[in-house]
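Now for the letters of each chain:
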Amino acid sequence: MRGLLAPLAGKNGWTLAEAAGDLTPIGMQRLLNAAAWDVDGVRDDARAYAVEHLGDVDGVLVVDETGFLKKGVKSAGVQRQYSGTAGRIENCQLGVFCAYTSVKGRTLIDRELYLPKSWTTDRDRCRAAGVPDEVEFETKQVLAQRMLERALDAGVPARWVTADEAYGGDSKFRRWLERRRIGYVVAVPSSAPVVVSLRGSRRADQIVAGAPPDAWKRRSCGDGAKGLRIFDWAVATVPTESEAGPGWRRWLLSRRSLTPNAKGELEIAYYLCGAPIGTSDDDLVRVAGARWAVEDCFQTAKTEVGLDQYQVRRYDAWYRHITLAMLAHTYLAVTAAIAPKVLAAASFHSPSEKSNVSWHT
């Protein structure tokens, strides 16, 4: 842990061993591959530590994945697959993560290694990489759901979940969130079907194309590296019954860029939302902006505590390194949160056809 937090040029077995005063990395490798310790217990302790110092009733849980570039074919879960980190298909592992963000800070609180079908259908290959026989193929959405369930069952103070299209576009994932009665603002593709009346559904982009001009409001969705993230936003109430039961409502949220892209077009992003009746437009916009917190966590965890600098191949060793790196990252997040400083309060300012879609103007 001291090595992961130290200002080292790299955070691999050799550099960590040298920082600890060892002559070889054997001890560090044993810690990750053979020593007896409860990795899930450490995960739970790290989550409790994060909640103790960063917890807030309006907290947001964010699920997303990140890629770990690898050489060879023996590291658990590795194959040629699309990595959002690299922006292309690469030989890599994919980890699905759950982050927690609040007004006090942000950190990673859970992790799962994605195993493609090419792995789970080859049990000999799995055994060689230390993958237990009981581990079967699960989609990234199911892995995300499992982590959210652990967080909610543990009492993590959160009213919201947010995620990108890979998760928000899955209707089963959204319905599960509603059954748990936790608010959500999840990105969906422009082609996502949205039920607008008893007659059926329409594409998200078709609905937004009919928004009146005064439905668009210029709002900030939070701080970014270059200041406030300001876009034009429009919110429409979607008249559908939610699986959450009475007192719940769904919305279609859209975000429009302020400047044209290379094609001269204003880019629009789409979100499906569900939350208790009375939720404000500003709340939906704020949660949509909270998704960027996980990207910040990935960047800082990789650059500051070596999240992606491991030299292990085994399934269990991956979880051990990642969990310790998450704990180190949480230590930094908590230290920043409790250090004396002036906290700037983020200000979040505050569409019609016969399809029963009601725009907020």
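Quantities reported herein were computed from a predicted structural model and do not represent experimental measurements.

**Notes on the overall build of the chain**
Move 1: Counting its secondary structure elements, the chain contains 13 helices and 13 strands.
Move 2: Against the 2.2 N^0.38 benchmark of 21 Å for 361 residues, the chain shows a C-alpha radius of gyration of 22 Å, consistent with a compact globule.
Move 3: C-alpha extents for the chain along the principal axes are approximately 70 × 50 × 45 Å.
Move 4: In the form shown here, the chain has an accessible surface area of approximately 17,400 Å², with 51% of it arising from carbon and sulfur atoms.
Move 5: For the chain, the distance from the average site of its 48 positive side-chain charges to the average site of its 43 negative ones is 3 Å.

**Examining the confidence of the model for the chain**
Move 1: With 94% of its residues at a pLDDT of at least 70, the chain reaches an overall mean of 91.
Move 2: Confidence drops under pLDDT 50 across residues 342-353; counting only partners more than four residues distant or on other chains, this segment forms 26 contacts.

**Some details on the pairing of strand E12 (residues 268-276)**
Taken residue by residue, a regular strand's side chains alternate between the two faces of the sheet.
Move 1: Within E12, 7 of the 9 residues are buried, which leaves it mostly tucked inside the rest of the structure.
Move 2: For strand E6 (residues 183-188) and E12, the ladder comprises 5 bridges, and the chain directions are antiparallel. Of the residues in E12, the one forming a bridge with Tyr 184 is Gly 274.
Move 3: Here strand E11 (residues 248-256) runs beside E12; their pairing, made up of 9 bridges, is antiparallel. Bridge pairing in E12 links Arg 249 to Ala 275.

**With respect to the pattern of salt bridges**
Move 1: All chains considered together, the criterion is met by 26 salt bridges.
Move 2: For Arg 146, the salt bridge goes to Glu 112, with nearest N and O atoms at 3.5 Å. Here Arg 146, found in helix H7 (residues 140-153), pairs with Glu 112, found in strand E4 (residues 105-114); they are 34 residues apart in sequence, far enough to count as distant.
Move 3: On the accessibility criterion, Arg 146 (29% relative accessible area) is partly exposed.
Move 4: Where salt bridges share partners, they join Asp 40, Arg 43, Asp 44, Arg 47, Asp 110, Arg 111, Glu 112, Glu 138, Arg 146 and Arg 150 into one cluster.

**What to know about the nonpolar core**
Move 1: Among the nonpolar cores identified, the biggest contains 54 residues, and Phe 97, Leu 108, Val 185, Leu 253 and Tyr 271 are the most heavily contacted of them.
Move 2: Membership of the second largest hydrophobic core comes to 27 residues, among which are Ile 109, Leu 152, Val 156 and Ile 182.

**Let's talk about a nonpolar patch on the surface**
Move 1: Judged by side-chain polarity, Met 1, Leu 5, Tyr 331 and Leu 332 come together as a nonpolar surface patch covering roughly 330 Å² of accessible area.
Move 2: The residue Leu 5 is located in helix H1 (residues 2-5) in this model.

**Details of the packing of helix H12 (residues 292-305) against helix H13 (residues 315-338)**
Move 1: Between H12 and H13, the least distance of the axes is 10 Å, while the angle of their chain directions is 105°. The orientation of H12 with respect to H13, classified from their angle, is roughly perpendicular. Counted together, Cys 297, Thr 300, Ala 301, Glu 304 and Val 305 of H12 and Ala 325, Ala 328, His 329 and Leu 332 of H13 form the full contact between these two elements.
Move 2: Residue composition of the contact of H12 with H13, by class: 6 nonpolar, 2 polar and 1 charged.

**Brief notes about the side chain of Glu 65**
Move 1: Secondary-structure assignment places Glu 65 in strand E1 (residues 60-69).
Move 2: At 3.3 Å, the side chain of Glu 65 forms a polar contact with the side chain of Lys 140.
Move 3: A distance of 2.8 Å separates the side chain of Glu 65 from the side chain of Tyr 167, its partner in a polar contact.
Move 4: Among residues more than four places away in sequence, those in contact with Glu 65 are Leu 94, Gly 95, Val 96, Lys 140, Tyr 167 and Phe 298.

**Considerations on helix H2 (residues 13-20)**
Count 3.6 residues to each turn of an α-helix, and residues three or four apart come out pointing the same way.
Move 1: Every buried residue of H2 is listed here: Gly 13, Leu 16 and Ala 17. The arc enclosing the buried residues of H2, seen along the axis, measures out at 100°, which places them on a common side.
Move 2: Those residues of H2 that are buried are in contact with H1 and helix H3 (26-33).
Move 3: Sitting at the amino-terminal end of H2 is Asn 12, which places a side-chain oxygen 3.1 Å from the backbone nitrogen of Trp 14.

Here is what the cut-offs are and how they apply
- Residues numbered from 1 in each chain as written.
- Predicted model: local features only at pLDDT ≥ 70, side-chain atom pairs only at ≥ 80, totals over all residues.
- Heavy atoms only, no water.
- Helix = DSSP H or I, 4+ residues; strand = E, 2+ residues; numbered from the N terminus.
- Rg over C-alpha atoms; globule rule 2.2 N^0.38 Å.
- Areas by Shrake-Rupley, 256 points an atom, 1.4 Å probe, with all protein chains shown as cover.
- Lys, Arg positive; Asp, Glu negative; His and termini not counted.
- Charge placed at Lys NZ, Arg CZ, Asp CG, Glu CD.
- pLDDT = per-residue confidence, 0-100.
- Contact = heavy atoms within 4.5 Å.
- Buried < 20%, exposed > 50% of the residue type's maximum accessible area, 1.4 Å probe, protein only.
- Pairing = 2+ DSSP bridges.
- Salt bridge = Lys/Arg side-chain N within 4 Å of Asp/Glu carboxyl O.
- Core = buried A, V, L, I, M, F, W, Y, C linked by side-chain atoms within 4.5 Å.
- Patch = residues over 30% accessible without salt bridge, like charges linked within 9 Å, V, L, I, M, F, W, Y side chains within 5 Å.
- Axes fitted to C-alpha atoms, helices over the stretch in contact; angles between N-to-C directions.
- Parallel < 35°, antiparallel > 145°, perpendicular 65-115°, else oblique.
- Nonpolar A, V, L, I, M, F, W, Y, C, P; charged D, E, K, R; others polar.
- Polar contact = N/O pair within 3.5 Å; in protein donor to acceptor, adjacent residues only side chain to side chain.
- Arc of directions from axis to C-beta.

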